[in-house]
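Structural features, examined
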Amino acid sequence: MKTIWPSLRTTTSLALAMIGMSSATANAKELPPGFVIESSNIDAVWEDTFEGHKIKDLLTGQMAMWVRNHGLKMPLRRHETIELDPRYIAATNQNSGKAIFDPASKTVTGHVAGIPFPTVDMTDPNAAYKLIWNHRLANPVIPDVWIADAPIAITAKKDGVIRSLRGSNYRFRMSGRYTGTDSKLGSGLEHIRLVLALSKPYDVAGIGNFQMQYADGRPDDVWVYVKSLRRVRRVSGSGVWMDPQPQMDLLNDDNQGIDAWPLWYKDFKLIEKRWLLAVMHAPDPNLPHELKDRLDMQPPYWNPINVEWEPREVYVIEATPPAEHPYGKKTLYMETSFPTFVLSEIYDKKGQFWRIWRQSYAPIKSVDGYPGLGFTHTQAIDFQFERATYIDSQNYKINDPTLKEENFSANILSTFAAGKDGMN
């Protein structure tokens, strides 16, 4: 009897479960826009569809865990095409075929501006590298000029907001430019000038760095503000790309999903093309708002609110960092229409799930009047330590023609050290 009943119970349970699954599949329905996926209904709608995609196919395993265990609510929105700057599209079309990928060195030559590889064959053994190069050279979220200031909330699941900061991130593209007559400025060796620094509170004002990233893979040149000396000093830049951002739950390398010369990574693999729920039509980051309008101020204090999630087709790319990198692996999800990451799932050296990085994107107008894509917030959630970083974009400007390369220098770090935003 002892051996029979458990077996019968298991068989009966399995049969009932299969009947239940068959019933759920048979009763599957198309969900309407506005339906909210949450912990109380995710299993009930698992086999249902939205715009023809099964809900279970629109969520990764980690996103489903976020909904089930941490209270994420996902109002559904219909898929909508993103309108990008026509100058970016024109540059992609005009320069099509000029970029050459070398399979031996995995490097790219001949890129002028726009997306270097607008069509990538899934069967191409170098497809993942070409997609990563597309992101490195032509992510439309980082146009020729990009500046944003942001209140930053560090939160913990048990304690709420545990630290409030203010920071800024500015970028000026030195090569691959599409808004003027010259695609390259200066010597042609620079890729991007980048500022990432805190201005508040006083004890952290000035912490951050100014970087000059290069187009040939040499280590970044990096400057920091030394508070004890009240001076800006140049430091070795060889490992700064994988340093933690001050007091936050992400690395410099996590900016925009990945922010490194691609060959500093050990390998990239293209896993599949699939559909995923992402936020691509969030509120304009420049609309007046408070943190409580964007972030649920109830435990676990890291769930975005007042945004809608829509189906997006994405490439799934597995990125293997070098041995000295803090991460063991990143799984990156890139929009297929343009090279922007909507989600990064991060694993530790033991292969255990660690963090999520994601952004909620929003259509915006550039300062010079063209359509573009910005982001309302950046999130990094550390599920192992149950804390998170929420960067709430404000003073967001792209392609301001009054800003020139000389505005982006190491001297700007002194402005942050004085407790002021660098440019706004």
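Criteria and thresholds
Residues numbered from 1 in each chain as written. Predicted model: local features only at pLDDT ≥ 70, side-chain atom pairs only at ≥ 80, totals over all residues. Heavy atoms only, no water. 1 Å grid on protein atoms, 1.4 Å probe; cavity = no way out; pocket = protein on both sides within 12 Å on 5 of 7 lines; lining within 4 Å. Points joined across faces, edges and corners; volume = space filled by probe spheres on them. Helix = DSSP H or I, 4+ residues; strand = E, 2+ residues; numbered from the N terminus. Nonpolar A, V, L, I, M, F, W, Y, C, P; charged D, E, K, R; others polar. Phe/Tyr/Trp six-rings, centres within 6.5 Å; stacked < 30°, edge-to-face > 60°. Buried < 20%, exposed > 50% of the residue type's maximum accessible area, 1.4 Å probe, protein only. Lys NZ or Arg CZ within 6 Å of the ring centre and 35° of its normal. pLDDT = per-residue confidence, 0-100. Contact = heavy atoms within 4.5 Å. Polar contact = N/O pair within 3.5 Å; in protein donor to acceptor, adjacent residues only side chain to side chain. Lys, Arg positive; Asp, Glu negative; His and termini not counted. Salt bridge = Lys/Arg side-chain N within 4 Å of Asp/Glu carboxyl O. Pairing = 2+ DSSP bridges.

1. Comments concerning empty space enclosed by the protein
In the structure shown here, the tally under the stated rule is 6 cavities of 30 Å³ or more. What lines the largest cavity is a set of 26 residues, among which Ser168, Asn169, Leu196, Asn255 and Ile391 lie closest to the centre. Mapped by element, the contributors of at least two residues to the lining of the largest cavity are strand 7 (145-156), strand 8 (160-173), strand 9 (190-200), strand 17 (353-365) and strand 18 (371-382). For the lining of the largest cavity, the element with the highest residue contribution is strand 7, accounting for 5 residues. Its residues assigned to classes, the lining of the largest cavity shows 14 nonpolar, 10 polar and 2 charged. By volume, the second largest cavity is sized at about 150 Å³. Of all elements in the fold, only helix 5 (127-138), strand 8 and strand 9 reach the threshold of two or more residues within the lining of the second largest cavity. Ranked by the residues each element gives to the lining of the second largest cavity, the list is headed by helix 5, at 3 residues.

2. Quick word on the packing of aromatic side chains
Scanning the entire structure with this criterion turns up 19 aromatic pairs. Between the aromatic rings of Trp241 and Trp264, the centroid separation amounts to 5.5 Å while the plane-to-plane angle is 40°, which identifies the pairing as tilted. Of this pair, Trp241 sits in the loop between strand 12 (231-235) and strand 13 (267-278) while Trp264 is found in the loop between strand 12 and strand 13, placing the two residues 23 residues apart along the sequence. Taken individually, Trp241 and Trp264 each receive the classification buried, so the pair is uniform in this respect. Clustering of aromatic rings is evident, with ring pairs tying together Trp66, Trp302, Tyr347, Phe353 and Phe383. When the ring centre of Tyr129 is taken as origin, the NZ or CZ atom of Lys106, which lies over that ring, is 5.1 Å away. It is Lys130 that lies over the ring of Phe117; its NZ or CZ is 5.7 Å from the centre.

3. Here we look at the confidence of the model for the chain
Residues of the chain with pLDDT of at least 70 account for 94%, and the chain-wide mean is 93. Ignoring residues within four places in sequence, the model shows residues 1-21, a span with pLDDT below 50, making 1 contact including any to other chains.

4. Quick look at the side chain of Asn126
Counting through the fold element by element, Asn126 comes out in the loop between strand 6 (107-109) and helix 5. The exposure class assigned to Asn126 is buried, which follows from its relative accessible area of 9%. In this structure the side chain of Asn126 is engaged in a polar contact, spanning 2.7 Å, whose partner is the side chain of Lys106. The residues touching Asn126, leaving out its near neighbours within four places in the chain, are Phe101, Pro103 and Lys106.

5. Regarding the environment of Gly52
By secondary structure assignment, the location of Gly52 is in the loop between strand 2 (49-50) and strand 3 (53-54). Owing to a relative accessible area of 57%, Gly52 belongs among the exposed residues under this scheme. Separated by 22 residues in sequence, Gly52 and Glu30 have C-alpha atoms that sit 7.2 Å apart.

6. Description of the side chain of Glu345
In this structure, Glu345 sits in strand 16 (residues 341-347). Within the buried set, Glu345 has no salt-bridge partner at all; the shortest N-O distance to an opposite charge, 7.5 Å, is to Arg274. At 2.6 Å, the side chain of Glu345 and the side chain of Thr60 are in polar contact. Within the structure, Glu345 has its side chain in polar contact with the side chain of Tyr333 (distance 3.0 Å). Excluding its chain neighbours within four sequence positions, the residues that come into contact with Glu345 are Thr60, Gln62, Met63, Lys329, Lys330, Thr331, Tyr333, Phe353, Arg355 and Ile356.

7. Remarks on the environment of Leu131
Relative to the assigned elements, Leu131 resides in helix 5. The exposure class assigned to Leu131 is buried, which follows from its relative accessible area of 3%. In the structure, Leu131 is positioned 268 residues away from Asn399 in sequence and 24 Å away in space, judged by C-alpha atoms. Apart from residues lying up to four places away in sequence, Leu131 is in contact with Val120, Leu270, Tyr315, Ile317 and Met334.

8. Let's talk about helix 3 (residues 61-70)
Most of helix 3 is tucked away, with 7 of its 10 residues classed as buried. Turning to helix 3, its buried residues number three or more, namely Gln62, Met63, Ala64, Met65, Trp66, Val67 and His70. In the core, the buried residues of helix 3 are packed alongside strand 1 (36-37), strand 4 (74-75), strand 13, strand 16, strand 17 and strand 18. Phi for Gly71, located one or two positions after helix 3, is positive at around 75°.

9. So, the pairing of strand 7
Among the 12 residues that make up strand 7, 11 are buried, leaving the element largely enclosed by the rest of the structure. Between strand 7 and strand 8, which follow one another and run antiparallel, lie 3 residues. Bridge analysis of strand 7 against strand 19 (residues 387-392) gives 5 bridges, and the strand direction is antiparallel. Following the sheet pairing, Ala153 is matched in strand 19 by Tyr390.

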